[in-house]
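# Geometric and topological summary
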Amino acid sequence: MNDLIDNYLSYYEELKENPDLGLVLYKSPPKYIDEVSWFSNLYSEVLKKDAIAVVAEENGKVVGMCDIHRLRPNSELSHIGNLGIAIRKEYRGKGIGKKLILKALEEGKNLFEIIQLEVFSNNKIAISLYEKVGFITYGIFPNRIKRKDKYYDVILMYYKYTENSNFNK
Ligand SMILES: CC(C)(COP(=O)(O)OP(=O)(O)OC[C@H]1O[C@@H](n2cnc3c(N)ncnc32)[C@H](O)[C@@H]1OP(=O)(O)O)[C@@H](O)C(=O)NCCC(=O)NCCS
């Protein structure tokens, strides 16, 4: 778990150098103990089949994660999962993100019918990845993110499983 938390907290370090980082973060880095609760909760959601978490490792170190959470369990939205993904800065552009999202989508096939996500409109790399694996844009949410005094628009995308879904792109 420590490694997962270190990986997550690395994005707060990155934000200092890259203020446009395309991840929705808290206004200040969360406390370690709160992250322990978050990951423990994720584990119990996975056991209940309300979430999927796929982790990328390089030389035994966590370098990325893709998770899908059931939108609202036991409701009329529970066929939908919400996806998030991030690869640690030094490991991007090597094909890890693509492998990770395809694995998460493959595992999600038994749990969800539709996957949704939100992506900063300036995050061209992520948008290109999502389009490549089959996500479709259905809208734009202006000023969805407020980071300090700057606003970011968000692109809304969904992926619908079909009998022909292909996870080997
Ligand atoms: C978005 C992200 C998950 C992609 O992961 P990655 O490991 O860097 O991506 P990959 O190397 O697997 O590349 C996947 C696709 O992204 C695009 N891509 C990757 N690097 C790129 C670059 N430097 N320029 C343009 N497109 C690029 C390509 O379409 C690529 O597909 P291809 O390899 O078939 O050409 C990763 O860059 C990341 O974690 N970014 C910061 C956090 C973030 O923005 N998360 C998304 C939140 S919605």
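A brief report on the enclosed structure follows. (Residues numbered from 1 in each chain as written. Predicted model: local features only at pLDDT ≥ 70, side-chain atom pairs only at ≥ 80, totals over all residues. Heavy atoms only, no water.)

## Section: the site of the ligand
Among the 21 residues in the neighbourhood of the ligand, the closest are listed as I87, G95, G97, N123 and S128. Taking R92, its side chain carries an N or O atom lying 3.4 Å from an oxygen atom of the ligand. A distance of 2.7 Å is found between an oxygen atom of the ligand and a backbone nitrogen or oxygen belonging to G97. Protein chains shield 74% of the accessible area of the ligand, which is 920 Å² for the free molecule. Counting atoms within 2 Å of the grid points, the majority share of the ligand lands in the largest pocket. Among the secondary structure elements, those contributing two or more residues to the shell around the ligand are β3 (80-87), α3 (96-108), β4 (114-120) and α4 (124-133). For the shell around the ligand, the element with the most residues is α4, which contributes six residues. For the shell around the ligand, a count of residues per class yields 10 nonpolar, six polar and five charged. (Near = heavy atom within 4 Å. Polar contact = N/O pair within 3.5 Å; in protein donor to acceptor, adjacent residues only side chain to side chain. Areas by Shrake-Rupley, 256 points an atom, 1.4 Å probe, with all protein chains shown as cover. 1 Å grid on protein atoms, 1.4 Å probe; cavity = no way out; pocket = protein on both sides within 12 Å on 5 of 7 lines; lining within 4 Å. Sits in = over half its atoms within 2 Å of the grid points. Helix = DSSP H or I, 4+ residues; strand = E, 2+ residues; numbered from the N terminus. Nonpolar A, V, L, I, M, F, W, Y, C, P; charged D, E, K, R; others polar.)

## Digging into the layout of surface pockets
Quantified by volume, the largest pocket comes out at close to 1,600 Å³. Put simply, the parts of the chain that give the lining of the largest pocket at least two residues each are α1 (2-17), α2 (32-47), β2 (61-70), β3, α3, β4 and α4. Its residues placed into classes, the lining of the largest pocket shows 27 nonpolar, 13 polar and 10 charged. The space that makes up the second largest pocket amounts to roughly 390 Å³. Along the wall of the second largest pocket there are 14 residues; nearest its centre are L15, Y26, K27, R147 and K148. Of all the secondary-structure elements, those providing two or more residues to the lining of the second largest pocket are α1 and β5 (136-147). In terms of residue class, the lining of the second largest pocket is made up of nine nonpolar, no polar and five charged. (Points joined across faces, edges and corners; volume = space filled by probe spheres on them.)

## Some details on the pairing of β4
Most of β4 sits out of view: five of its seven residues are buried. Here three bridges tie β3 to β4, and the two strands are oriented parallel to one another. Across the sheet, N82 pairs through a bridge with Q116, a residue of β4. For the segment spanning β3, α3 and β4, crossover handedness is right-handed. With seven bridges connecting them, β4 and strand β6 (residues 150-160) associate as antiparallel partners. Of the residues in β6, the one forming a bridge with L117 is M157. (Buried < 20%, exposed > 50% of the residue type's maximum accessible area, 1.4 Å probe, protein only. Pairing = 2+ DSSP bridges. Right-handed = clockwise from strand over helix to strand, strands pointing away.)

## A few points about α3
The end-to-end C-alpha separation of α3 is 18 Å, in line with the 18 Å expected for 13 residues at 1.5 Å each. Inspection of α3 places I96, G97, L100, I101, L102, A104, L105 and G108 among the buried residues, and these make up the whole buried set. Tucked into the core, α3 has its buried residues touching β1 (51-58), β2, β3, β4, α4 and β6. (Expected span 1.5 Å × (residues − 1). Contact = heavy atoms within 4.5 Å.)

## Notes on the packing of α3 against α4
The contact between α3 and α4 brings their axes to 11 Å, and the two run at 45°. Considering the angle they form, α3 stands oblique to α4. Of the two possible hands of crossing, α3 and α4 adopt the one that is right-handed. Here α3 contributes G97, K98, I101, L102 and L105 to the contact with α4, which in turn contributes L129, Y130, K132 and V133. (Axes fitted to C-alpha atoms, helices over the stretch in contact; angles between N-to-C directions. Parallel < 35°, antiparallel > 145°, perpendicular 65-115°, else oblique. Left-handed = near helix turned anticlockwise from the far one by under 90°.)

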